[in-house]
Amino acid sequence: MTNSSTLDHRLETDTVEKIDALGARMAKARAQVETVIFGQREVVDQTLTTVLAGGHALLIGVPGLAKTRLVEALGTVLGLDDKRIQCTPDLMPADIVGAEILEESEDGKRHFRFVKGPVFAQILMADEVNRASPRTQSALLQSMQERTVSVGGHTYELPSPFLVLATQNPLEQEGTYPLPEAQLDRFLMQIDVGYPDRDAERRMLLATTGSEERAVEPVLNAAELIDAQKLLRQIPVGETVLEAILEIVRSGRLETTGVDEVKRHVAWGPGPRASQALMLAVRARAILDGRLSPSVEDVLDLAPPVLRHRMALNFAARAEGVSLDDIIQRLLAPYR
C-alpha cells in the first residue's frame, strides 16, 4: 500500500511540473503574439492573463492600435475559433445570438430551425461594443455570464472555452451607449491600449509595409486551454496576497473604506466579483511569469485593470479633476 504522505508529495510534484510546463507554453504564446503586435507588452500580458483566468476583456484605445489584430492573433495562437461582430446602433440581438427561421420540409410540414449567430465561437470580438444599443448589449450580457443563449424558449450552450474580447473607442461620443454597470462587471479586466514607443512603431512600419506579412503559429488548442484554466485554480495563494486583495477591494467601497479620498470622491465601489477577478488574475500572472505562486507585486500590477471599470467617481471628483487611477493608486499606496 502506498504511503499517504508519499502520494501527496507525488501529486504536488506532478502539479508543479504541470505549472512549469504551462508557463513555458504561455511564454511561447506571448512570443508568437509579439511577432505581430509591437510595443504592447503590458497589453499582451494583461490579455493573456485574462484568457488564462477564463475571463472577458474590454480593450479601450483609439483606432489603429492593433486591437483587432491582437484578437485575431490570440485566436490563432491559442487554437480557438474566433468570430467578429461590428457593433452599430442598429445591431439587433438576433444578429449576435441567432434566430429561429420557419422552414417547410419536403412533406409540406413547417417547423422552426435555430440558426446560430456569431456568438457561437470560442473567442468573440465585439468591435466598438459601446455603439450597440442597450437591448443588444443585454443579449450579450447573458452570453458573458451564463455561457448560454436563450431563444424561443430553448437554451443553447456556447462553445467552451468562451471568451469575449470587446473593444471601445474612447473618442467617439455620438451614436454610443455607455455600458451598464452590470455588463462592465462581467469583464475581468479593462485594458487601456496606448500608443507604442518610437522604436516599436519603427519596427511596426518595417514589418507591416513590406511585401511579406508575418503570421503567427498555434501554441495551444481549446482542450489544452481548458485544462490550463482548471490547473490555474490549484495554485496556492499566500495569506499575505489574500489579505492584500481583500483590503484593496474593500477599501474602494464607501461602506468599508478608511481612505478619505474614497469617501469624498467615489460614488460606488467594486463588488465581490472584483476580489474574485483579482484572485484569478494574480494566479494567471504568476504562471505567465513562470512562478508557482502569486505575490503582492502581482496584486499591485493587476489591481488597476481589474478595478477601474468597477468604480465610479462622483460629481465632486470630476469637478476637482480627480481620476479613477488617482483613487486606485491611493488604495495601493500602503503596499508600495
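Residues numbered from 1 in each chain as written. Predicted model: local features only at pLDDT ≥ 70, side-chain atom pairs only at ≥ 80, totals over all residues. Heavy atoms only, no water.

Brief notes about the overall build of the protein chain
Helix and strand counts for the protein chain come out as 14 helices and 11 strands. Against the 2.2 N^0.38 benchmark of 20 Å for 336 residues, the protein chain shows a C-alpha radius of gyration of 22 Å, consistent with a compact globule. Seen along its three principal axes, the alpha-carbon backbone of the protein chain occupies a region of about 70 × 70 × 50 Å. Expressed as a percentage of its 336 residues, the buried residues of the protein chain come to 48%. Once local pairs closer than 6 in sequence are excluded, the contacts in the protein chain between residues at least 24 apart make up 76%. Total accessible area on the protein chain is roughly 16900 Å²; 50% of this is exposed by carbon and sulfur atoms. The centroid of the 37 positive side-chain charges in the protein chain is displaced by 1 Å from the centroid of its 48 negative side-chain charges. (Helix = DSSP H or I, 4+ residues; strand = E, 2+ residues; numbered from the N terminus. Rg over C-alpha atoms; globule rule 2.2 N^0.38 Å. Buried < 20%, exposed > 50% of the residue type's maximum accessible area, 1.4 Å probe, protein only. Contact = heavy atoms within 4.5 Å. Areas by Shrake-Rupley, 256 points an atom, 1.4 Å probe, with all protein chains shown as cover. Lys, Arg positive; Asp, Glu negative; His and termini not counted. Charge placed at Lys NZ, Arg CZ, Asp CG, Glu CD.)

Regarding the environment of Thr208
With respect to the element layout, Thr208 can be found in helix H7 (residues 198-208). One polar contact links the side chain of Thr208 to the main-chain carbonyl oxygen of Met204, over a distance of 2.6 Å. (Polar contact = N/O pair within 3.5 Å; in protein donor to acceptor, adjacent residues only side chain to side chain.)

Description of the confidence of the model for the protein chain
The predicted coordinates ought not to be read in detail in places where the model reports low pLDDT. Mean pLDDT over the protein chain works out to 89, with 95% of the residues at or above the 70 mark. The element-level mean pLDDT for the protein chain is lowest in helix H1 (residues 4-33), coming to 77, with helix H12 (residues 296-307) highest at 97. Within the model, pLDDT remains below 50 along residues 1-11, and this stretch shows 2 contacts once partners closer than five positions in the same chain are excluded. (pLDDT = per-residue confidence, 0-100.)

Some remarks on the packing of helix H11 (residues 272-288) against H12
Viewed as axis vectors pointing N to C, H11 and H12 meet at an angle of 135°, and their least axial separation amounts to 9 Å. Compared by their axis directions, H11 and H12 come out oblique. The element H11 and its partner H12 pack so that their crossing is right-handed. Of the residues in H12, those in contact with Ala274, Ala277, Leu278, Ala281, Val282 and Arg285 of H11 are Asp298, Val299, Asp301, Leu302, Ala303, Val306 and Leu307. (Axes fitted to C-alpha atoms, helices over the stretch in contact; angles between N-to-C directions. Parallel < 35°, antiparallel > 145°, perpendicular 65-115°, else oblique. Left-handed = near helix turned anticlockwise from the far one by under 90°.)

Concerning the nonpolar core
Within the largest apolar cluster, 74 residues are counted, with the highest numbers of intra-cluster contacts made by Leu278 and Leu307. With sequence-adjacent residues up to four places away left out, Leu278 is seen in contact with Ile245, Val249, Val299, Leu302, Ala303 and Val306. With 26 residues, the next largest nonpolar core counts Cys87, Ile96, Leu124 and Ala139 among its residues. (Core = buried A, V, L, I, M, F, W, Y, C linked by side-chain atoms within 4.5 Å.)

A short note on empty space enclosed by the protein
Applying the stated rule across the entire model yields 2 cavities of 30 Å³ or more. In this structure, the largest cavity encloses a volume near 40 Å³. Forming the walls of the largest cavity are Ile37, Gln40, Val43, Leu65, Ala66, Lys67, Leu70 and Val193. Residues belonging to the lining of the largest cavity are distributed by class as follows: 6 nonpolar, 1 polar and 1 charged. Here the second largest cavity is characterised by a volume of approximately 30 Å³. Lining the second largest cavity are Ile85, Cys87, Ile96, Ala126, Val129, Ala132, Thr136, Gln137 and Leu140. Per-element tally for the lining of the second largest cavity: the top contributor is helix H5 (residues 134-146), with 3 residues. Across the lining of the second largest cavity, the residue classes tally to 7 nonpolar, 2 polar and no charged. (1 Å grid on protein atoms, 1.4 Å probe; cavity = no way out; pocket = protein on both sides within 12 Å on 5 of 7 lines; lining within 4 Å. Points joined across faces, edges and corners; volume = space filled by probe spheres on them. Nonpolar A, V, L, I, M, F, W, Y, C, P; charged D, E, K, R; others polar.)

So, the pattern of salt bridges
Side chains bearing opposite charge may pair, as long as their charged atoms lie close to each other. Within the structure shown, the criterion is met by 16 salt bridges. Between Glu261 and Arg330 there is a salt bridge; the shortest N-O distance is 3.4 Å. Of this pair, Glu261 sits in helix H10 (residues 260-265) while Arg330 sits in helix H14 (residues 324-332), placing them 69 residues apart in sequence. Arg330 sits in the partly exposed class, given a relative accessible area of 34%. Where Arg291 meets Asp298, a salt bridge forms, and the shortest distance between an N and an O atom there is 2.8 Å. (Salt bridge = Lys/Arg side-chain N within 4 Å of Asp/Glu carboxyl O.)

Considerations on the side chain of Asp127
As for its position among the elements, Asp127 is in strand E5 (residues 123-127). Among residues more than four places away in sequence, those in contact with Asp127 are Thr68, Arg84, Ile85, Gln86, Cys87 and Thr167.

Quick word on the packing of aromatic side chains
Per the stated rule, a full pass over the model turns up 2 aromatic pairs. Judged by centre distance (5.9 Å) and plane angle (65°), the ring pair of Phe114 and Phe120 falls under edge-to-face. With centroids separated by 4.2 Å and ring planes inclined at 15°, the aromatic side chains of Phe114 and Tyr156 adopt a geometry described as stacked. With Phe114 in strand E4 (residues 110-116) and Tyr156 in strand E7 (residues 154-157), this pair connects stretches of sequence that are 42 residues apart. (Phe/Tyr/Trp six-rings, centres within 6.5 Å; stacked < 30°, edge-to-face > 60°.)

Quick look at the sheet that holds strand E2 (residues 82-86)
Ordered in space as E2-E5-E8-E1-E9, the 5 strands form an open sheet in which the pairing is parallel. Every interior strand has two partners, whereas the edge strands, E2 and strand E9 (187-192), have only one. Along the sheet, successive strands turn relative to each other by an average axial angle of 20°, direction set aside. Judged from the 4 bridges that link them, E5 and strand E8 (residues 163-168) form a sheet pairing that is parallel. (Pairing = 2+ DSSP bridges.)

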